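Inside the fold
These are the residues of each chain, in order.
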Amino acid sequence: MVHLSVNVNKIATLRNSRGGNHPDLIYLSKLILDSGAHGITVHPREDERHIKKKDVFDLREFLTLYNQDKKKKIEYNMEGEPSLRFLDLVLEAKPDQATLVPVTPGEITSDHGFDLKKDSSELKTYIRKIQNAGIRVSIFMETDLENLKLVKETGADRVEFYTGPFAHAFDHSPEEGKSAFESFRKAAEFLQAQKIGINAGHDLDHFNLPLFSRLPGLEEVSIGHRLMSYALEVGLGASVKEYLKALS
């Protein structure tokens, strides 16, 4: 079963646009989980334009209590750049998974994966320190096989595929989506042979997930923007359930 981790950045963005605590990040995270999602994802950027440092720890406390109450395992995934700032936050918050993502100052959203020919040495240091704290590490990557051949030496537990190219092709037509999917399939089969886990995220939605969920070895998808956008039409709980249905 492919797990759905819901990225709650957009809830925090809306809250921050007005100040105060409306909408309530914790209340809506509970609604998301009560609707069947398997995890919560946050990307606490340095500028705190959505998730703030306090949110990171409020969510950690909430998820600890939620797991105890429901007697189930909801995973906490934190995304961020390989930096001392993010490392300190991860080691203090102790999520279940840290997803390292290349960040360009001023970018609207993450729009590319790591180039391991350039980034591998730095990544190894951060990956080792995070894993030493008992935290699984995923790294944000595209599907170039020559680049993926270097993943094993970084020590990363998983790769999270940047799925923007697939989603944008599918938006144009399902046939173009099927064509774009082939590069992900080949990349996933390669990673499976290397015993590296597979996550995915970026612009996946209830239209393209029935196809993308067939990706060999796919363990988790992290989805925020499109799930939240659809929630404006049907409600947050219904949106989560529709995405779970698409994954199944």
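Residues numbered from 1 in each chain as written. Predicted model: local features only at pLDDT ≥ 70, side-chain atom pairs only at ≥ 80, totals over all residues. Heavy atoms only, no water.

A word on the UniProt feature "site: Transition state stabilizer" (unreviewed entry) in the protein chain
- UniProt's feature table lists "site: Transition state stabilizer" (unreviewed entry) at Glu160, given in the numbering used throughout.
- Relative to the helices and strands, Glu160 resides in strand β6 (residues 158-162).
- The residues touching Glu160, leaving out its near neighbours within four places in the chain, are Glu79, Thr99, Ser138, Ile139, Phe140, Met141, Asn199, Ala200, Gly201 and Ser222. (UniProt positions renumbered as here; feature names shortened; annotations may be inferred. Helix = DSSP H or I, 4+ residues; strand = E, 2+ residues; numbered from the N terminus. Contact = heavy atoms within 4.5 Å.)

Some remarks on the sheet that holds strand β3 (residues 75-80)
- Strand order in the closed barrel formed by eight strands is β1-β2-β3-β4-β5-β6-β7-β8, with parallel pairing between adjacent strands. Across this sheet, the average inter-strand angle for adjacent strands is 25°, counted without regard to direction.
- Across four bridges, strand β4 (residues 97-100) lies against strand β5 (residues 136-141) in parallel orientation. Bridging from a neighbouring strand, Ala98 pairs with Val137 of β5.
- Here helix α5 (residues 116-132) sits on the sheet and contacts β4 and β5; the angle it forms with β5, its principal contact strand, is near 160°. (Pairing = 2+ DSSP bridges. Axes fitted to C-alpha atoms, helices over the stretch in contact; angles between N-to-C directions.)

Here's the deal with the packing of aromatic side chains
- The tally for this structure, following the rule as stated, stands at nine aromatic pairs.
- Ring geometry for Phe62 against Tyr66: centres 5.6 Å apart, planes inclined by 55°, an arrangement best described as tilted. Here Phe62 pairs with Tyr66, and both are found in helix α3 (residues 53-70), just four residues apart, close to one helical turn.
- You can call Tyr66 buried: its relative accessible area is 4%.
- Taking 5.0 Å as the distance between ring centres and 50° as the angle between the ring planes, the aromatic pair formed by Phe166 and Phe212 counts as tilted. You can see Phe166 sitting in helix α8 (residues 164-172) and its partner Phe212 sitting in helix α10 (residues 209-212), a full 46 residues away along the chain.
- Taking the relative accessible area as the measure of exposure, Phe212 reaches 0% and is therefore buried. (Phe/Tyr/Trp six-rings, centres within 6.5 Å; stacked < 30°, edge-to-face > 60°. Buried < 20%, exposed > 50% of the residue type's maximum accessible area, 1.4 Å probe, protein only.)

A look at the packing of α3 against helix α4 (residues 84-93)
- Put simply, α3 and α4 touch, their axes get as near as 10 Å, and they point 25° apart. Taken together, the axes of α3 and α4 lie roughly parallel to each other. Judged by the sense of rotation from one axis to the other, the crossing of α3 with α4 is right-handed. Taking contact as the criterion, the partners of Lys53, Val56, Phe57 and Arg60 in α3 are, on α4, Leu89, Glu92 and Ala93. (Parallel < 35°, antiparallel > 145°, perpendicular 65-115°, else oblique. Left-handed = near helix turned anticlockwise from the far one by under 90°.)

Observations regarding the pairing of β6
- Counting buried positions along β6 gives five out of five residues, so the element sits mostly inside the fold.
- Judged by which residues are buried, β6 turns out to be covered on both faces: Arg158, Glu160 and Tyr162 on one side and Val159 and Phe161 on the other are all buried.
- As paired elements, β5 and β6 share four bridges and run parallel to each other. The residue of β6 that forms the bridge with Ile139 is Val159.
- Alignment of β6 against strand β7 (residues 197-201), held across five bridges, turns out to be parallel. For Val159, the partnering residue across the bridge sits in β7 and is Ile198.

Details of the pattern of salt bridges
- What the rule picks out here adds up to 16 salt bridges.
- One salt bridge connects Lys30 with Asp34, and the closest N-O pair in it is separated by 2.7 Å. Placement of both Lys30 and Asp34 in helix α2 (residues 25-34) is noted, with a separation of four residues, approximately one turn of the helix.
- We classify Lys30 as partly exposed; its relative accessible area is 35%.
- What makes Asp34 partly exposed here is its relative accessible area of 41%.
- For Lys54, the salt bridge is made with Asp58, and the minimal N-O distance between the two is 2.6 Å. On the criterion of helical spacing, the pair formed by Lys54 and Asp58 is a turn pair, its members being four residues apart in helix α3.
- On the basis of relative accessibility, which here comes to 59%, the residue Lys54 falls in the exposed class.
- Residue classification places Asp58 among the partly exposed residues on the basis of a relative accessible area of 25%. (Salt bridge = Lys/Arg side-chain N within 4 Å of Asp/Glu carboxyl O.)

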